[in-house]
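Structure at a glance
The primary structure of each chain is shown beneath.
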Amino acid sequence: MIFGADLEVLLDAIPLPIIVKDEQFRFRFLNEAACSLVGRRPGDLIGRTDYDIRPAAEADRIRAIDKRVLCAGESVEEDIAPAGGELRSLLIRTCRAELTRTDSSEKIIVAAILDVTEQRRVEAELQASQEHYRSLVELHPQVPWTADPSGQVLEMGPRWENTGFAAKEALGGGWAKAMHPDDLNDVQREWSKSLKTGEPLDIEFRLAAAEGGYSWFRGRAAARRTEDGSIRRWYGTVENIDDRRKMFEALKESEARFRAIADDAPVMIWATGEDGEDDYHSRLWLETTGQTAEQATGKGWLNAVHPDDRHAVDRAFYEAFDRRKPIQMEYRLKRADGGSAWIIDIGQPRFATDGKFLGFVGIALDITERRNAEQERLLAQKQIHHMARHDALTGLPNRQFLREEFERLSDQIAAGTRIAILCLDLDGFKAVNDAYGRATGDLLLRRVAERLQNCLRQSDILCRLGGDEFVVLRVGINSDAEARLLAQQLIDVIEVPYELAGTHVDLGIIVGLAAAPKGDQPVDELIKAADVALDRAKSDGRGTYVQYEPGMDAHLQAVQQMRVSLRQALENGDLEVHYQPLVNLHTGEITTFEALARWPHPERDQVSPAEFIPVAEETGLIGPLGEWILRQACTEAVKWPSHIGVAVNLSPLQFRNRRLAAIVCSILDETGLDASRLQLEITESVLLDDCDGNLQILKAIRRLSVKIAIDDFGTGFSSLGYLRTFPFDKIKVDRSFITDLPEGRESLAIVRAVAAIGRSLGIVTTVEGVERKNQFDLIKAEGFNEAQGYLIARPLPGPQALELARSARGGIFETVPG
């Protein structure tokens, strides 16, 4: 049930067909009028799509409309043909809505279908006979009217008198006297737009009522044109929709009131449909059982019943539904914390006023203490023992359990076999947790645990050590290759996308493994070795595994030494900032220098930013390092000609400091650099991690007049979506799309598309990584604004960048060396 039993009863009572679809365009609800129109029952439609009931061409057309409604949020109205039977004209109005629940929200598509057969017939007859039109006006239940091409009302139907004004008073522009003051400006604006464009008018507004107050009406108008296309006359109707508006508002209020009462009640509340399938469980049920609303729907709630009681409960409720009689019984529920609770469950059948069976509604009350206090104490003791050795969220064993089982199994391992420990770290879990909330993150961890359990042997031990870290113990392997095969199997299982409450989630995994002969090492040493391998695997990214080998500790020590050296270099001022120019492809002038950090190490010559920037992010140094680079860049840019700006990259981790905008403002004041000359470059991960908070920081920075660019464009999975999230000043195309130009057809198609997007949105487009003359000529021909790369210039120290900035005035790069 998508809305709640009471709401759906009211929707079924509405003669207007109403259809609700989810984000996958599946039917989620159809009232009785809609089912009658389609010619099928709800059970045949719920969960299906238009492709299951319509010809492919018709389904394609409807799917295109639904996508436009879902993506753009616009309402769509169009004529459709009925599935069969008598010839009728149907009008479907489709819009997007947000359905908010306690633990999630989802977008839905709501379509209402009007039978406008009579209206279409009237419109045809109006065109055929003016005299017939006048007769029809007198009898029409709505208020017909006509207007000249300038919008002056010529005729108004007699039912206009229901507003308290005579029909003749509405002529010309007199109709405005009956309009609610708060709606008048909107109506006049839309009417003026229709008069200017010739497009039809369709708007809802309030009109005065003769008995006092105001009522809601829907006004529609369309132009009748001459053979040369000019407008001859406007024809329109005013329809009273006050009852319909009030009904929908009452439905929304009823559902909100029911959910507020049910979710705050101290008892568990549930409801079913007429088919006996549960479609609602209150918040207390979900919190008690640990189920999601989706898991409890239908017969899923039975999974929360204690296995020893499940069969009896299922049989008793089936008999009650079959007989449509009240039911009361006691049984045990599995609690979210791993224990169980005795409840008393009381259900009552529901019937409509006409006697139709609607389903059951019931309450369940926890009576555990009253049931058996002594058994509750024994259960508590067992539960304490279990909790000390298991993870409360997933129910998996913990490190203590692993130690105990390892000791027990050590004596049972066959001679000549090996023991394998695999440490698993989830990649991307934090982003999911931050974006969708802790409840979704917890659900994701449980899904991961389920997948791992399903792919392991019964003799394997799966543990959760905390956070998003899992450990697998397998004994009796014959070779290291077997352990590596297991690592790859776990990766394949975990990286299949997840669907959580209608949201698709992508998750990666990194595995470190260690294997040893029987009894050679304690389990904690094996875990430590696997952790070392895990750290090494993280440098290769998600979907990789590494087996521990002697000497890997030395690599970690080297990384730790780099952390210390970087901190000292930052404190001692040993870092440098170099500047790489960006040139205007049309004038050849330098527009911007990008500031790039450099570390001249006394022992290693130059340390690549690809090495020390991740170290800075991991150790928390990225904040002071990023602030230092920004200050140095602004200080240097003040020396350049005023038409040249400076670009500085921001790490996504810098956005964790909610004072980032204030820091930027302070550095601009301190250095005296005009804010319009500063350009901050971000990657799309800034909008993926804590999108709302980071978006507010970006808006605060934009208010300083600082420009914002999106860097590495095209490498993420939703780059286009971010152009709608925030009005970027510049798009920088990642160098990976330039490398194989001009030969690479796919890359060429992508850069052309980006250039077109930039032109359409008025955003500056820049290509980085330009190294060859033919690449330069191609991107210039495609309409890009700027270029950057070794073909133009390598990053330069401050003094050389200053010299280049002064000497390049006037378009020195108009002819780029080949």
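Structural data are supplied above this passage.
All values reported here derive from a predicted model rather than from experimental measurement.

**Looking at unusual backbone geometry**
The omega torsion across Leu 741 and Pro 742 is 5°, close enough to zero to call that bond cis. By the secondary structure assignment, Pro 742 is in the loop between strand 29 (730-733) and helix 26 (745-761). Phi at Arg 324 takes a positive value of approximately 55°, unusual for a residue other than glycine. Along the chain, Arg 324 turns up in the loop between helix 11 (307-323) and strand 13 (327-334). We note that Ser 705 has phi near 80°; this positive angle belongs to a residue other than glycine. Checked against the element boundaries, Ser 705 lands in the loop between helix 24 (691-702) and strand 28 (707-713). A relative accessible area of 47% places Ser 705 in the partly exposed class.

**Points about empty space enclosed by the protein**
In this structure the tally under the stated criterion is two cavities of 30 Å³ or more. Approximately 200 Å³ is the volume found for the largest cavity. Considering the residues around the largest cavity, the lining is formed by 16 residues, among which Trp 145, Trp 175, Val 187, Phe 205 and Val 238 are closest to the centre. If you list the elements that add at least two residues to the lining of the largest cavity, you get strand 7 (153-156), helix 7 (181-197), strand 8 (201-208), strand 9 (214-225) and strand 10 (231-240). At four residues, the largest contribution of residues to the lining of the largest cavity is made by strand 8. In terms of residue class, the lining of the largest cavity is made up of 13 nonpolar, two polar and one charged.

**Concerning the environment of Leu 70**
Looking at where Leu 70 falls in the secondary structure, it is placed in helix 4 (residues 56-72). The spatial distance from the C-alpha of Leu 70 to the C-alpha of Thr 94 is 9.7 Å, given a sequence separation of 24 residues. Once residues within four sequence positions are removed from consideration, Leu 70 is found in contact with Glu 23, Phe 25, Arg 96, Lys 107 and Ile 109.

**Re the sheet that holds strand 15 (residues 357-366)**
A sheet is described by the order of its strands in space; here five strands give the open sequence 12-11-15-14-13, paired in antiparallel fashion. The two strands at the open ends of the sheet, each matched to only one other strand, are strand 12 (278-281) and strand 13. Looking at each pair of strands side by side, their axes are set apart by 25° on average, direction ignored. The pairing of strand 14 (residues 340-351) with strand 15 spans nine bridges and is antiparallel.

Each value, and the rule that gives it
- Residues numbered from 1 in each chain as written.
- Predicted model: local features only at pLDDT ≥ 70, side-chain atom pairs only at ≥ 80, totals over all residues.
- Heavy atoms only, no water.
- Helix = DSSP H or I, 4+ residues; strand = E, 2+ residues; numbered from the N terminus.
- Buried < 20%, exposed > 50% of the residue type's maximum accessible area, 1.4 Å probe, protein only.
- 1 Å grid on protein atoms, 1.4 Å probe; cavity = no way out; pocket = protein on both sides within 12 Å on 5 of 7 lines; lining within 4 Å.
- Points joined across faces, edges and corners; volume = space filled by probe spheres on them.
- Nonpolar A, V, L, I, M, F, W, Y, C, P; charged D, E, K, R; others polar.
- Contact = heavy atoms within 4.5 Å.
- Pairing = 2+ DSSP bridges.
- Axes fitted to C-alpha atoms, helices over the stretch in contact; angles between N-to-C directions.

Worth remembering: the numbers are spatial, not functional.
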